[in-house]
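These are the residues of each chain, in order.
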Amino acid sequence: MAPELHLLGLSTARPGPLSSAVPQPLATARWCAAQGWPVHPLAVGRKTPAGNCEACRRPGHTYSGCPCTTEGRWCHGFRAATRDADRIDRWWGGHPEFGVGVSCGPAGLVVIDIDAHRQSLPDRSRLLPGIPIPDHVDLTGLTNGFHTLAVLAALRGAPDPAADGSTLRVRTPSGGLHVWYRAPEAGAWRSSAGSGGGRALAWQVDVRAHGGYIIAPGTTTRAGAYTALGTVRRPAVLPAWLAQELERTGHLPQERPAGPKPVPPRALQAVIAAGGGRQGAFGVLSSVLAEVTACAAHTEGVGFSEKLNRASYTAGGLVSAGHLTREQAEQILQDAAAGARPGQERRAAQIIRSGMTAGSRRPLYLGRHG
Ligand SMILES: [Zn+2]
Ligand SMILES: [Zn+2]
């Protein structure tokens with residue numbers, strides 16, 4: 001192992017001498033970039049990205065068409081991630097207290113995020129999405145993501161990824177584990193949809209891939225340190241069985257069609273993959289989105305703005321009721337709009353932002369029987 005990795009806290013050995021000129025976050029960021037992983041700063045002591053500049057915080061502003069990344073600012077979280085040595089030195093050299101996030105998609109990473117949260121068990125249909133667990137199966141003792149993932153691996157006759165000593169594994173401050181893998185094709189896999197339901201590999205097991213970031217080992221938040229286990233510091237290739245499971249659970253490879261997209265675009269496919277046919281946030285959103293995406297068949301006079309505004313209003317309500325995150329909603333709406341009206345991203349972004357802001361004042365709670 002190279003000596004600088006000891007300084008990173010990336011080895012089990014004691015960290016290097018404190019007289020080292022390079023603070024750990026900068027060393028971590030440089031090390032990640034050297035692995036080919038674009039990095040972006042995290043807010044001091046937190047696991048969220050460093051804040052946007054004043055212009056980017058204004059209502060109605062979105063990342064599409066924003067000049068900040070080009071001009072070297074870290075606005076818009078993982079979208080600003082870079083491997084540029086000067087930029088990295090400037091960001092972490094000027095703010096040595098920032099943490100380090102890695103943008104998974106462009107890094108070609110698929111990270112299995114295993115949680116150990118104390119939560120009551122959900123309905124058994126949600127423990128392993130798509131895999132029915134009969135009523136007679138006793139679930140006593142199953143309490144977190146380590147257990148659901150172990151059960152999934154066992155069902156497939158595969159080794160438990162949490163115990164995969166051939167790849168980089170990072171212990172989180174809350175007792176969870178990040179298992180890092182390399183994707184055969186960079187950017188092909190989608191992240192899980194988050195805690196609001198939708199895509200997940202298993203209960204308390206999410207996937208960080210395209211559209212997401214992961215906290216680099218060596219980063220410390222107020223909750224504690226993200227510490228690499230053992231001695232392996234390189235992600236292994238994503239095991240084939242896990243790739244199959246990711247595909248089965250809707251973390252599908254992303255289409256990147258050139259020019260105007262056919263209907264239904266990526267966004268609608270994402271909604272469908274996330275359970276658009278069922279009741280729930282994605283189901284509700286998919287029905288209003290269908291009207292937006294249908295506009296792709298016509299270039300004029302079908303009320304695109306009004307339909308996008310309505311979908312954004314609905315999404316705003318779903319976000320403020322906690323059914324999906326603002327980030328997810330914006331991504332889905334922007335994808336749908338770009339599919340229907342390519343090249344009008346700026347205008348669409350304004351409609352989306354104002355529609356979501358208006359909708360967020362009317363939280364849209366989805367009852368179990370609604
Ligand atoms: Zn900015
Ligand atoms: Zn911006």
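Everything numeric here is computed off the predicted structure, so don't read it as measured data.

Caption draft 1: Structural view of the coordination of the zinc ion (ligand 2). With distances of 2.1 Å, the protein atoms coordinating the zinc ion (ligand 2) are Cys56 (SG), His61 (NE2), Cys66 (SG) and His76 (NE2). Geometry at the zinc ion (ligand 2) is tetrahedral, judged from its 4 donor atoms and the angles of 97 to 116° they form at the metal. The sequence pattern describing where the donors of the zinc ion (ligand 2) fall on their chain is C-x4-H-x4-C-x9-H. In this structure, the zinc ion (ligand 2) is positioned 3.8 Å from the zinc ion (ligand 1), and both are ligated by Cys56. By relative accessible area, which is 5% here, Cys56 ends up buried.

Caption draft 2: Region of interest: the environment of Gly105. Residue placement: Gly105 occurs in helix α5 (residues 104–107). We classify Gly105 as buried; its relative accessible area is 3%. Along the primary structure Gly105 and Arg190 are separated by 85 residues, whereas in three dimensions their C-alpha atoms are 8.0 Å apart.

Caption draft 3: Structural detail: helix α2 (residues 24–34). The element α2 is extensively covered by neighbouring structure, given that 8 of its 11 residues are classed as buried. Phi turns positive, to about 95°, at Gly36, one or two residues after α2.

Caption draft 4: Focus on the pattern of salt bridges. In the structure shown here, the tally under the stated rule is 10 salt bridges. One salt bridge connects Glu245 with Arg156, and the closest N-O pair in it is separated by 2.6 Å. Taken as a pair, Glu245 in helix α7 (residues 240–248) and Arg156 in the loop between α6 (145–155) and β4 (169–171) lie far apart in primary sequence, 89 residues in all. In this structure, Arg326 engages Glu330 in a salt bridge whose closest nitrogen and oxygen atoms are separated by 3.6 Å.

What counts and what doesn't
- Residues numbered from 1 in each chain as written.
- Chains lettered and ligands numbered in written order.
- Predicted model: local features only at pLDDT ≥ 70, side-chain atom pairs only at ≥ 80, totals over all residues.
- Heavy atoms only, no water.
- Donors = N, O, S within 2.8 Å, 3.2 Å for Na, K, Ca; no water.
- Tetrahedral: all angles 85-135°; square planar, octahedral: opposite > 155°, others 65-115°.
- Buried < 20%, exposed > 50% of the residue type's maximum accessible area, 1.4 Å probe, protein only.
- Helix = DSSP H or I, 4+ residues; strand = E, 2+ residues; numbered from the N terminus.
- Salt bridge = Lys/Arg side-chain N within 4 Å of Asp/Glu carboxyl O.

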